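Understanding the architecture of this molecule
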Amino acid sequence: MKLEFDEAPLAYTSGSQTARVRTERWVRDWAYCPNCGGANIRAFPNNSPLADFYCTTCNEEYELKSQKNGFGKKVLDGAYHAKCERLAASNNPSLFLLNYDLQKLHVTNLFVVPKHFFVHEIIEERKPLAATARRAGWIGSHIRLDRIPASGKIFIIRGGAAEPKEAVLAQWQRTLFLRDQPVEARGWLVEVMKCVESIGRPDFDIADAYAFETQLAQLYPSNRNVRPKIRQQLQFLRDRGYLEFTSRGHYRLRP
Ligand SMILES: [Zn+2]
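Everything in this summary refers to the structure shown in the same document.

Basis of the calculations
- Numbering of residues starts from 1 in every chain and runs along the sequence as written.
- Predicted model: local features are reported for residues with pLDDT of at least 70 only, side-chain atom pairs are reported and counted for 80 or more only, and whole-chain, interface and lining totals are derived from all residues.
- No hydrogens and no water enter the side-chain calculation; it runs on all heavy atoms of the structure.
- Only when DSSP finds a minimum of two bridges between them are two strands counted as paired.
- A helix here means a DSSP run of H or I that spans at least four residues, while a strand means a run of E at least two residues long, and both kinds are numbered starting from the N terminus.
- Here an axis means a line fitted to C-alpha atoms, over the contact stretch when the element is a helix, while the angle between two N-to-C directions is reported on a 0 to 180 degree scale.
- The contact criterion used throughout is that any non-hydrogen atoms of two residues lie within 4.5 Å.
- Each cavity reported here is a set of points on a 1 Å grid over the protein atoms alone in which a 1.4 Å probe fits but cannot get out, each pocket an open set with protein on both sides within 12 Å along at least five of seven lines, and each lining residue one with an atom within 4 Å of a point.
- Grid points are joined across faces, edges and corners, and a volume is the space filled by probe spheres set on the points.
- Ten residues, namely Ala, Val, Leu, Ile, Met, Phe, Trp, Tyr, Cys and Pro, are considered nonpolar, four, namely Asp, Glu, Lys and Arg, are considered charged, and the remaining ones, Gly among them, are considered polar.
- Multiplying 1.5 Å by the residue count of a helix minus one yields the expected span of that helix.
- Summary of the burial criterion: residues with accessible area below 20% of their type's maximum are buried, those above 50% are exposed, and those between are partly exposed, where the area comes from a 1.4 Å probe applied to protein chains only.
- Planes of paired rings set the category: under 30 degrees apart is stacked, over 60 is edge-to-face and the rest tilted, where pairs are Phe, Tyr or Trp rings (Trp by its six-membered ring) whose centres lie within 6.5 Å.
- Only when the NZ of Lys or the CZ of Arg is both within 6 Å of the ring centre and within 35 degrees of the ring normal is a charge said to sit over the ring.
- Atoms of type N, O and S within 2.8 Å of a metal are treated as its donors, and for Na, K and Ca the window is 3.2 Å; water is not considered, so some sites may appear to be missing partners.
- For four-coordinate sites, all angles between 85 and 135 degrees define a tetrahedron; for four- and six-coordinate sites, opposite donors beyond 155 degrees with the remaining angles between 65 and 115 define square planar and octahedral shapes respectively, and all other cases count as irregular.
- Roughly parallel means an angle under 35 degrees; roughly antiparallel, over 145; roughly perpendicular, 65 to 115; everything else is oblique.
- The definition of a nonpolar core used throughout is a set of buried Ala, Val, Leu, Ile, Met, Phe, Trp, Tyr and Cys residues joined through side-chain atoms within 4.5 Å.

Let us now look at the sheet that holds strand β12 (residues 243–247). Here we have 3 strands laid out as an open sheet, ordered β11-β13-β12, and antiparallel in their pairing. Of all strands in the sheet, those bounded by a partner on one side alone are β11 (203–205) and β12. Strand-to-strand, the axes of this sheet are offset by a mean angle of 35°, without reference to chain direction. Bridge analysis of β12 against strand β13 (residues 250–253) gives 4 bridges, and the strand direction is antiparallel. Looking at the pairing, L243 lines up with L253 of β13. Helix α7 (residues 226–239) contacts β11, β12 and β13 of the sheet and is inclined by roughly 105° relative to β12.

As structure tokens, this is what we get:
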């Protein structure tokens, strides 16, 4: 995988336009599809409302966000209600997040959030645009990257170096089981995955998981049975190979 941009001069005067054209061209020419490993990523015709690219082999769709500096806790995205409606759709796009260095003309980081990590909990509603704005009342969204577990942020390029492709494809496959779940069920699973990851070690026990009871109860105020719900998610994650039960009440995250 070549990390440099095509050096052909571009006729754009604005830096952001130049960056957009260069990064889009780079994705088309050099990125591979983390779902199937295929190299045929094509751009949708301009102005496709939600996705930018698709894989001609497996039809996975991708949206691209690129910026010079690293992404922080959240990233701006499109219309809030359209984004929420799209969550349950089978062609909701996965998200490529790309950082670049325009002086050195190359990609510094590229990670992908698989579409099955998109749940209501990570789409944040922005304030409607002011009455004086051209699109007064329009409601945009933020994607809360800080609410996505590490297993949902798969690095393809990190710090200017490509990660091994087999590792990228394996990490993608590891959580693919989430796709079979309706979006509400995925919300709980993703939250519990994030909790157990944040324990910070692969081995943990049920008390470590219950330590998140208050936090989860705040997130899901209508649920009165948080502990059984946590246990149920752990069991599901065990059945799908994401973690294993080592003995009664003891768990281990699988690599
Ligand atoms: Zn593919």
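From this point on, the discussion continues.
Quantified by volume, the largest pocket comes out at close to 790 Å³. Along the wall of the largest pocket there are 34 residues; nearest its centre are R20, E24, D52, L64 and K65. Breaking the lining of the largest pocket down by element, the ones donating at least two residues are α1 (15–30), β3 (61–67) and β4 (74–79). Looking at which element gives the most residues to the lining of the largest pocket, the answer is α1, with 8 residues. Across the lining of the largest pocket, the residue classes tally to 16 nonpolar, 8 polar and 10 charged. Each pocket or cavity is described by its volume, and for the second largest pocket that value is around 170 Å³.

A sheet is described by the order of its strands in space; here 7 strands give the open sequence β1-β2-β3-β5-β6-β9-β10, paired in mixed fashion. Two strands lie at the open edges of the sheet, namely β1 (41–43) and β10 (161–162), each paired on one side alone. Those strands touched by helix α3 (residues 165–174) are β3, β5 (94–101), β6 (106–113) and β9 (154–158), and its axis lies near 160° from that of β9.

We now examine helix α4 (residues 183–198). The end-to-end C-alpha separation of α4 is 22 Å, in line with the 22 Å expected for 16 residues at 1.5 Å each. Burial within α4 is extensive, with 12 of its 16 residues counted as buried. Taken together, the buried positions of α4 are V183, R186, G187, W188, L189, V190, E191, V192, M193, K194, C195 and V196. The inward-facing, buried residues of α4 abut β11, α6 (213–219), α7 and β13. Of the residues trailing α4, G200 is marked for its positive phi of about 90°.

What follows concerns the packing of aromatic side chains. One pass over the structure, following the stated rule, counts 9 aromatic pairs. Among the aromatic side chains, those forming a connected cluster through ring pairs are F71, F111 and F155. It is R238 that lies over the ring of F245; its NZ or CZ is 4.2 Å from the centre.

This part is about the coordination of the zinc ion. For the zinc ion, every protein donor is listed as C33 (SG), C36 (SG), C55 (SG) and C58 (SG), and the spread of their distances is 2.3 Å. Bound by 4 donor atoms, the zinc ion shows angles of 104 to 117° at the metal and therefore tetrahedral coordination geometry. All donors of the zinc ion come from a single chain, and their spacing in sequence reads C-x2-C-x18-C-x2-C. Residue classification places C33 among the buried residues on the basis of a relative accessible area of 0%. A relative accessible area of 34% places C36 in the partly exposed class.

Two numbers describe how α4 lies on α7: the axes approach to 10 Å, and their chain directions differ by 85°. Judged by the inter-axis angle, α4 sits roughly perpendicular to α7. Here A185, W188, L189, V192, M193 and V196 of α4 lie close against α7, whose contacting residues are V226, K229, Q233, L234, F236 and L237. Of the residues contributing to the contact of α4 with α7, the split by class is 10 nonpolar, 1 polar and 1 charged.

Counting residues in each nonpolar core, the largest one holds 45 residues, and the members touching the most others are I143, L216 and L234. Of all elements in the fold, only α2 (80–86), β5, β6, α4, α5 (206–210), α7 and β13 reach the threshold of two or more residues within this core. Broken down by element, this core gets its largest block of residues, 8 residues, from α4. Setting aside chain neighbours within four positions, we find L234 in contact with V192, V196, F204, I206, A209, L243, F245 and Y251. Counting 25 residues, the second-largest nonpolar core is a separate cluster that includes A19, I41, F53 and Y100.

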